[in-house]
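Chain by chain, the residues:
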Number of protein chains: 2
Amino acid sequence: MLSAIMEDYLKAIYSLQNETDGRVRTSVLAEYIDVEQSTVTSMMKKLSERDFVQYEPYKGVELTDTGVPIALEIIRHHRLLERYLTDHLEYDWAEVHDEADRLEHHISSKFADRIAEQLGQPAVDPHGDPIPTADLDVSGAKDGERLADHQVGDSVQIVRVPDTDPDLLRYLSKHGIHPGTVVDVVEIAPFGMVTLDPDNGDGPVALPEEVARSISTQSLTQSSH
Amino acid sequence: MLSAIMEDYLKAIYSLQNETDGRVRTSVLAEYIDVEQSTVTSMMKKLSERDFVQYEPYKGVELTDTGVPIALEIIRHHRLLERYLTDHLEYDWAEVHDEADRLEHHISSKFADRIAEQLGQPAVDPHGDPIPTADLDVSGAKDGERLADHQVGDSVQIVRVPDTDPDLLRYLSKHGIHPGTVVDVVEIAPFGMVTLDPDNGDGPVALPEEVARSISTQSLTQSSH
DNA sequence: GAAAAGAATTAGACATGGCTAAATTTATAA
DNA sequence: TTATAAATTTAGCCATGTCTAATTCTTTTC
Ligand SMILES: [Mn+2]
Ligand SMILES: [Mn+2]
Ligand SMILES: [Mn+2]
Ligand SMILES: [Mn+2]
């Protein structure tokens, strides 16, 4: 029906659309998928031909109502696989992304539903990203603030971390930072370094601002002190 | 490194080689993979170019020492996946083949090793086919006799059944026939129908000769009566 | 041991998903 | 508002894997 490559384009458009809202530009997609812009242009023509995207030359592209569920299905596969790999097959959370990124295109929906069942219908993947339900509902997914947006002294809970950089993930887990961890913001240096103190007593952790901006958080209404 | 399609060719050559021994002919491979002969010819050129097969035009093809382990790795993946789908994800043995046939090319060796561990290093897949070990040893695999080769009155144990036809598999399991089942050969009709009586009391089962020829068995040294 | 039949290969085409280099359109700056 | 820069698309090429039709072996058959 749809090649793995086309599915990756739809998934990419979905993600970029949610970050930047509005149309996704050719250059942005090319960068994200790591192909030349001309390659994106020709793929957009094919996808819009088949009505998965609404493509306006020189303006950008947007998923149609046909395209969205396909992207969500793949994202569901991806996140369920990640959860399964960590929970049942003893993978480290730093190494699940690549395996899931391949398999997401090849497992059946039945397979996905069965592992979801095994896992007890999990709501989020190991990095805190929400897993669409079997009927592709993602209403539980809210953006939340970013770690970089808080003030010194704030106590916040980690909600989501980016899942593509294994080194970052290893660094974070080494310092006890996972979705759910509560941290105090200890210092924000003028050159953009954010220092945190996780509540697990592992001592302070420093993160570059760019990383802090990519981590989603939830403000605790009242911190415990 | 190697496309999923090339892997399928190597796997096919391996299987056909073991059935017919000697070189595998273009026509046989074409039939098996379900492509035109000319397609096989051009693929054989590519595979022999890369030294996975030894190809002699007009004579046929054979796996090289480079090609064999690749075929075995894929077969290992396939059979472990089948075992996993039935044992851990509640698939019926009739429906595992297609899912495994896709996924076999996309899981990592690590994934395969992890599910093997989960399953307790199983020796055979749900259809009785032997699973190569992690170091690709298949010494445990012996051909055995076929069900069609026995005489009326023989008591034999089912060892392997063909795994590609879901209807046959459903029929067999409905009548209690699995690898391990012990059956008495009750009747062999002149037009080739073989009638069996499984030891589970589910009553006699009739099978066309062609099917009986595709089922591997193990003679019981002395039957129980 | 020719001729006919059968099997296999070659030739040429097509679809998919890439790339580079050359237009062309849109945005920015003078 | 025109010139320059940046983004995007078009044109043309390549690799993979497949097909059909034509050709060239091989094997049978008489
Ligand atoms: Mn992917
Ligand atoms: Mn993830
Ligand atoms: Mn396969
Ligand atoms: Mn099997």
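Residues numbered from 1 in each chain as written. Chains lettered and ligands numbered in written order. Predicted model: local features only at pLDDT ≥ 70, side-chain atom pairs only at ≥ 80, totals over all residues. Heavy atoms only, no water.

Q: Looking at this structure, how should I read the overall build of chain A?
A: Counting its regular elements, chain A contains 8 helices and 8 strands. Relative to the compact-globule value of 17 Å for 225 residues, chain A shows a C-alpha radius of gyration of 19 Å, a close match. Counting only C-alpha atoms and orienting by the principal axes, one finds that chain A spans roughly 60 × 40 × 30 Å. Looking at chain A as a whole, 45% of its 225 residues qualify as buried. Considering only contacts within chain A whose residues lie at least 6 apart along the sequence, 63% involve residues at least 24 apart. Within the structure as shown, chain A displays about 11,400 Å² of accessible surface, and the carbon and sulfur contribution to it stands at 47%. Taking the average place of the 19 positive charges on the side chains of chain A and the average place of its 42 negative ones, the gap between the two points comes to 6 Å. (Helix = DSSP H or I, 4+ residues; strand = E, 2+ residues; numbered from the N terminus. Rg over C-alpha atoms; globule rule 2.2 N^0.38 Å. Buried < 20%, exposed > 50% of the residue type's maximum accessible area, 1.4 Å probe, protein only. Contact = heavy atoms within 4.5 Å. Areas by Shrake-Rupley, 256 points an atom, 1.4 Å probe, with all protein chains shown as cover. Lys, Arg positive; Asp, Glu negative; His and termini not counted. Charge placed at Lys NZ, Arg CZ, Asp CG, Glu CD.)

Q: Explain the environment of Thr66(B) here, please?
A: Tracing the sequence through the fold places Thr66(B) in the loop between β2 (60–63) and α4 (67–87). Expressed as a C-alpha distance, the spacing of Thr66(B) and Asp51(B), which sit 15 residues apart in the sequence, is 6.9 Å.

Q: Looking at this model, I keep getting lost on the coordination of the manganese ion (ligand 1). Mind explaining?
A: Where a metal carries four tetrahedral donors, each ideal angle is 109.5 degrees; where it carries six octahedral donors, the ideal angles are 90 or 180 degrees. Residue and element names in this part refer to chain A. The coordination sphere of the manganese ion (ligand 1), as far as protein atoms go, consists of Asp8 (OD), Asp101 (O), Glu104 (OE) and His105 (NE2), spread over 2.0 to 2.4 Å. Taken in sequence order, the residues that donate to the manganese ion (ligand 1) follow the motif D-x92-D-x2-E-H. Of this pair, Asp8 sits in helix α1 (residues 4–20) while Glu104 sits in the loop between α5 (96–103) and α6 (109–119); the two residues are 96 residues apart in sequence, bridging distant segments of the chain. Taking the relative accessible area as the measure of exposure, Glu104 reaches 1% and is therefore buried. (Donors = N, O, S within 2.8 Å, 3.2 Å for Na, K, Ca; no water.)

Q: I'm lost on the protein's contact with DNA strand C in this one. Help?
A: Inspection of the region around DNA strand C gives 21 residues, with Ser3(A), Thr39(A), Thr41(B), Lys45(B) and Tyr55(B) positioned closest. In DNA strand C, the atoms that sit within 4 Å of the protein are 75% sugar and phosphate, with bases accounting for the remainder. A distance of 3.4 Å is found between a sugar or linking oxygen of DNA strand C and a side-chain nitrogen or oxygen belonging to Tyr58(A). A distance of 2.5 Å separates a phosphate oxygen of DNA strand C from a polar side-chain atom of Thr41(B). Looking at the surface near DNA strand C, the elements that each hand over two or more residues are α1 and α3 (37–49) of chain A together with α2 (26–33) and α3 (37–49) of chain B. Tallied by class, residues from the surface near DNA strand C come to 9 nonpolar, 8 polar and 4 charged. (Near = heavy atom within 4 Å. Polar contact = N/O pair within 3.5 Å; in protein donor to acceptor, adjacent residues only side chain to side chain. Nonpolar A, V, L, I, M, F, W, Y, C, P; charged D, E, K, R; others polar.)

Q: Looking at this structure, how should I read the pairing of strand β4 (residues 155–160) of chain A?
A: For a regular strand, the rule is simple: side chains alternate between the two faces of the sheet. Residue and element names in this part refer to chain A. In terms of strand pairing, β4 meets strand β5 (residues 182–188) through 3 bridges, oriented antiparallel. Residue pairing in the sheet places Ser155 in a bridge with Asp184 of β5. As defined by bridge partners, β4 adjoins strand β8 (residues 216–219) across 4 bridges and the pair is classed as antiparallel. By the bridge assignment for β8, Gln157 is matched with Gln218. (Pairing = 2+ DSSP bridges.)

Q: How do you make sense of the coordination of the manganese ion (ligand 3) when you look at a structure like this?
A: All names here are of chain B. Those protein atoms acting as donors to the manganese ion (ligand 3) are Asp8 (OD), Asp101 (O), Glu104 (OE) and His105 (NE2), and they sit at 2.0 to 2.4 Å. In the primary sequence, the donor residues of the manganese ion (ligand 3) line up as D-x92-D-x2-E-H. Here the residue Asp8 occupies a position in helix α1 (residues 4–20), and Asp101 occupies one in helix α5 (residues 96–103), the gap between them amounting to 93 residues.

Q: Help me out: how do you make sense of the interface of chain A and chain B in this one?
A: Note: interface size is frequently given as the accessible area lost on complex formation between the parts. If you look at the interface, chain A gives 19 residues, while chain B gives 19 residues. Taken together, both faces of the contact between chain A and chain B bury some 1,700 Å²; the carbon and sulfur share is 52%. For the chain A face of the interface with chain B, the top three residues by lost area are Leu89(A), His106(A) and Phe111(A), together amounting to 33%. A salt bridge links Glu95(B) to Lys110(A), with the shortest nitrogen-to-oxygen separation between them at 2.8 Å. Going through the elements one at a time, α4 (67–88), α5 and α6 of chain A are the ones with two or more residues in the side of chain A that touches chain B. Here the element with the most residues in the side of chain A that touches chain B is α6(A); it accounts for 6 residues. Counted by class, the side of chain A that touches chain B contains 8 nonpolar, 4 polar and 7 charged residues. (Buried area = accessible area lost by both parts, 1.4 Å probe. Salt bridge = Lys/Arg side-chain N within 4 Å of Asp/Glu carboxyl O.)

Q: Honestly, the pattern of salt bridges in this entry has me stumped. Any pointers?
A: Between side chains of opposite charge, pairing is possible as soon as their charged atoms come close. All names here are of chain A. For the structure shown, the criterion picks out 20 salt bridges over all chains. Here Asp101 makes a salt bridge to Lys11, at a shortest N to O gap of 2.8 Å. You can see Asp101 sitting in helix α5 and its partner Lys11 sitting in helix α1, a full 90 residues away along the chain. Residue classification places Asp101 among the partly exposed residues on the basis of a relative accessible area of 25%.

Q: Hey, could you run me through the protein's contact with DNA strand D in this one?
A: Around DNA strand D, 22 residues are found, and the nearest of them are Ser27(A), Thr41(A), Tyr55(A), Ser3(B) and Thr39(B). Here the atoms of DNA strand D within 4 Å of the protein split so that 70% fall in sugar or phosphate, with bases taking the remainder. Within the side chain of Thr26(A), one N or O atom sits 3.0 Å away from a phosphate oxygen of DNA strand D. At a separation of 2.9 Å, a phosphate oxygen of DNA strand D approaches a polar backbone atom of Glu36(B). Those elements that place two or more of their residues in the surface near DNA strand D are α2 (26–33) and α3 of chain A together with α1 and α3 of chain B. If one sorts the elements of the surface near DNA strand D by residue count, α3(B) sits on top with 5 residues.

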